[in-house]
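# Coordinate analysis (summary)
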Amino acid sequence: MNLWNKLMCYSRRHSPWLFHMNGGSCNGCDIELIASLTPRYDAEQLGVRLEGSPRHADILCITGPITKTAVNAVKTVYDQVCDPKAVIAIGSCPATTNVFVESRTLAGPLNKHIPVDVFVPGCPPRPDAIILGVAKAAEILAERAGKKQIAEPVVMPLVGPGCNGACACGGEAKTAANPEEVAQ
Amino acid sequence: MNLITALARLLIFPGLVFAVPAAWFFLWVERKAVARMQGRIGPPFMQPFFDFVKLMGKSTPPRNGIGGLLMRAWPLIAVSSAAGAVGLLPVLPASGGFQGDLILLLALLELPSMCIIAAGFSSGSIFGEIGSAREAVLSVSYNIVFLLAIVSIAASQHTFSLAALAQQSASPLRWLGILAILVCLPAKLHLNPFSLPNAEQEIYSGPITEYAGPELAMWELSHGLEWVAATGLVATLAAPVLATWWAAALVFVALCFGLVLLLSVVAAATARLQIDTTVRFYWQCTLIFAVLAVASALFMRFRA
C-alpha cells in the first residue's frame, strides 16, 4: 500500500459524512441521531458532518422498520450515495422490525433490500452507541477502499445509561452470525 | 528578476502554495469558531484537508453530454478564478511586472458565484435551481453595495490600482468603504444570516446538491479560496503601510485570521434571514450608506 492509499484510508476514517434517512421511524432514533451532534456528544470531533444530499454522503443512516411506502425511496437513496459507501441501521426497527414484526404495512427488515454494514440496536439507541456505530462504519469504509471484503454486518453492543465504556462491553463491537439475535 | 518575483507572487505568496493551505485553515477556523460558540469542541485541525482527500477518492455519478461536461467544468473555473484573485493581492511591496487592478480582482471574485448559479441550473435538481435563483437575487443585492464601496475607495484615493491603494495609508473615507465591504462579506461567503443559497435543512445543499466526489472537493476548495481572497482584500485595504516584507506578510495573515474569526462568530450568533428581508436589508438599509460614501468621495475629489 503506497503513501497515497494510506492517506486516503486515514482520511476516510476521519471524515465520515452522514446522510440521515427515515424509513418509517417513530422519530425516536432520529432525535437520538441529532442528539449525537449536539454539544453534549459532539460527533463533529470525529469529523462527522450531517449532509443534506445523499450525493455528498459516505454513510447512510437509516431509521425505522422500512414501510412499504418507504422501501423504494430507501433503495433510490442507497443508489444515489457514491462509492465507497457504508450503511448503518439505527435502532431495532431496521434490524428486526421490532414491535411491528409481521405487520402487513412493512417491507422490512432493512437487510432484505440493501446490504447493511453496522447495526446499532436499541429502542432508541443512545447517542453514545450511535457515535460508536458511526466510528465502526467509518473503519469499515476505510477497509473497503483497501479492497478487503467484509462479509458479516457488525452489531454494536447495547450501551446503557451511564455506560462510559468501562462496563463489561468495554465499548468494543461484537460480531454475530445472526444480527437479529443480538439486536433483540 | 521581475518575472521571478511575479511568478513567486502567483505561485507561492500570496498565490497557490500559501492560498490552498490557508483556505483549509480558514475553513477549519470557521467550523471551530462555530463549534466553540455552540459549546462544542469541534473538528480536529486537519479536518478540511481530510475531507478534501476523502472527496478526491470518491466516485462521481455518470454525467453525459454537454450538461455533464458543464457540470464538471464549473467547479474548476470557480477554483481557478478564486486562486487567481488571491494571487493578485498586493501583500508584498510591488516590484514591477503584472499587478492587475481592483476591477480584475472584483471580476475574479465574482466568477465563483456566477459558477455556482450556473452549476445549480445545469444540475437540473429542483433544490439546485432554488439555490441558484436565491444566489442570483442575493448577488444582485449585495454587489451594488460592494461595488459602490470599491468605487468610493478608488475615487477617494484617485486610483484603481491595487498596489497604489496598498501603498497609501487609509483615509477616513476608505474606512467607510471597508465597513461597507464587511457588511457584504457574509452574503458573498454564504454565511449566516445570509446563508440563503446553500440553506441547510431547507433546500439541502442548494446549487451543489447534485455534486459528488472530486467535483464537490473543488467546490469546498473554491469556497475556502473565496474566504482567503475576500478577507485578503479587506486586509490589504486596511493594513498599515509597512516597509519590511515579512512584517507586511505577518500583518496580512493576522488581519485575515481576525476577519475569519469575526465573520464566523457573527455566523454562529445569528439565524438565517428570509430572502425578502435580506434583499430589503441591502437595498434599503445599506445602499444609502454606500451611495453617501461614493457621493462624498466624488465631492471631495472635485474640491481638491
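Residues numbered from 1 in each chain as written. Chains lettered and ligands numbered in written order. Predicted model: local features only at pLDDT ≥ 70, side-chain atom pairs only at ≥ 80, totals over all residues. Heavy atoms only, no water.

### So, the overall build of chain A
Across its full length, chain A holds 6 helices and 7 strands. Counting from the amino terminus, chain A carries its helices and strands in the arrangement α-β-α-β-β-α-β-α-β-α-β-β-α. A burial count over chain A gives 53% of its 184 residues as buried. Long-range pairs, those at least 24 residues apart, make up 78% of the contacts in chain A with a sequence separation of at least 6. When the accessible surface of chain A is summed, it comes to about 8,400 Å², and 54% of that surface belongs to carbon and sulfur atoms. (Helix = DSSP H or I, 4+ residues; strand = E, 2+ residues; numbered from the N terminus. Buried < 20%, exposed > 50% of the residue type's maximum accessible area, 1.4 Å probe, protein only. Contact = heavy atoms within 4.5 Å. Areas by Shrake-Rupley, 256 points an atom, 1.4 Å probe, with all protein chains shown as cover.)

### Regarding the packing of aromatic side chains
Taken as a whole, this structure holds 14 aromatic pairs over all chains when the rule is applied. A centroid spacing of 6.1 Å and a plane angle of 50° characterise the contact between B:F49 and B:F50, whose relative ring orientation is tilted. When its relative accessible area of 9% is taken as the criterion, B:F50 is described as buried. Aromatic ring contacts, followed pair by pair, group A:Y10, B:W24, B:F49, B:F50 and B:F52 into a single cluster. Seen from the ring of A:W17, B:K54 lies directly overhead, with NZ or CZ sitting 3.8 Å from the centre. Looking at B:K188, its charged tip hangs above the ring of B:F146, at a distance of 4.9 Å from the centre. (Phe/Tyr/Trp six-rings, centres within 6.5 Å; stacked < 30°, edge-to-face > 60°. Lys NZ or Arg CZ within 6 Å of the ring centre and 35° of its normal.)

### Considerations on the nonpolar core
By size, the foremost hydrophobic cluster in this structure holds 78 residues, and its most contacted members are B:I181, B:Y211, B:W219, B:L225, B:W227 and B:L233. Ranked by residues supplied to this core, first place goes to helix α9 (residues 213-238) of chain B with 15 residues. If near-sequence neighbours (up to four positions away) are discounted, B:I181 is found in contact with B:F146, B:A149, B:I150, B:I153, B:V234 and B:L237. By size, the runner-up hydrophobic cluster in this structure holds 21 residues, among which are A:L33, A:I88, A:I130 and A:I131. (Core = buried A, V, L, I, M, F, W, Y, C linked by side-chain atoms within 4.5 Å.)

### Some thoughts on the interface of chain B and chain A
Opposite the 31 residues of chain B that make contact, chain A presents 28 residues. Summed over both partners, the interface of chain B with chain A buries about 2,400 Å², with 54% contributed by carbon and sulfur atoms. At the junction of chain B with chain A, the criterion picks out 7 salt bridges. Residues B:K58 and A:D58 are paired through a salt bridge, measuring 2.9 Å at the closest nitrogen-oxygen approach. Counting every contact that joins chain B to chain A gives 21 residue pairs in polar contact (both at pLDDT 80 or more). Counting only elements with at least two residues in the side of chain B that touches chain A, the list comes to α2 (16-37), α3 (47-56) and α9 of chain B. The greatest single-element share of the side of chain B that touches chain A, amounting to 8 residues, is contributed by α3(B). (Buried area = accessible area lost by both parts, 1.4 Å probe. Salt bridge = Lys/Arg side-chain N within 4 Å of Asp/Glu carboxyl O. Polar contact = N/O pair within 3.5 Å; in protein donor to acceptor, adjacent residues only side chain to side chain.)

### Here we look at the confidence of the model for chain B
When the pLDDT values of chain B are averaged, the result is 84; 95% of them are 70 or greater. Mean pLDDT values for the elements of chain B range from 72 in helix α1 (residues 2-11) of chain B up to 92 in α3(B). (pLDDT = per-residue confidence, 0-100.)

### Digging into the packing of helix α5 (residues 102-123) of chain B against helix α6 (residues 126-156) of chain B
The N-to-C vectors of α5(B) and α6(B) enclose an angle of 170°; their axes lie 8 Å apart at closest approach. Judged by the inter-axis angle, α5(B) sits roughly antiparallel to α6(B). (Axes fitted to C-alpha atoms, helices over the stretch in contact; angles between N-to-C directions. Parallel < 35°, antiparallel > 145°, perpendicular 65-115°, else oblique.)

### Remarks on the pairing of strand β1 (residues 17-22) of chain A
Residue and element names in this part refer to chain A. Pairing of β1 with strand β2 (residues 49-50), which is carried by 2 bridges, proceeds in the parallel orientation. Each bridged residue has a counterpart across the sheet, and for W17 the counterpart in β2 is R49. Handedness of the crossover is the feature at issue here: the chain leaves β1, passes through helix α2 (residues 28-35), returns alongside β2, and the resulting connection is right-handed. The pairing of β1 with strand β3 (residues 59-63) spans 5 bridges and is classified as parallel. Bridge assignment links H20 to a residue of β3, and that residue is C61. (Pairing = 2+ DSSP bridges. Right-handed = clockwise from strand over helix to strand, strands pointing away.)

### As for the confidence of the model for chain A
Residue and element names in this part refer to chain A. Summing up the model confidence of chain A, the mean pLDDT is 82 and the portion of residues at 70 or higher is 82%. Here strand β7 (residues 174-175) is the element of chain A with the lowest mean pLDDT, 40, and β3 is the one with the highest, 93. Counted against residues more than four places away or in other chains, residues 162-184, with its pLDDT under 50, gives 35 contacts.

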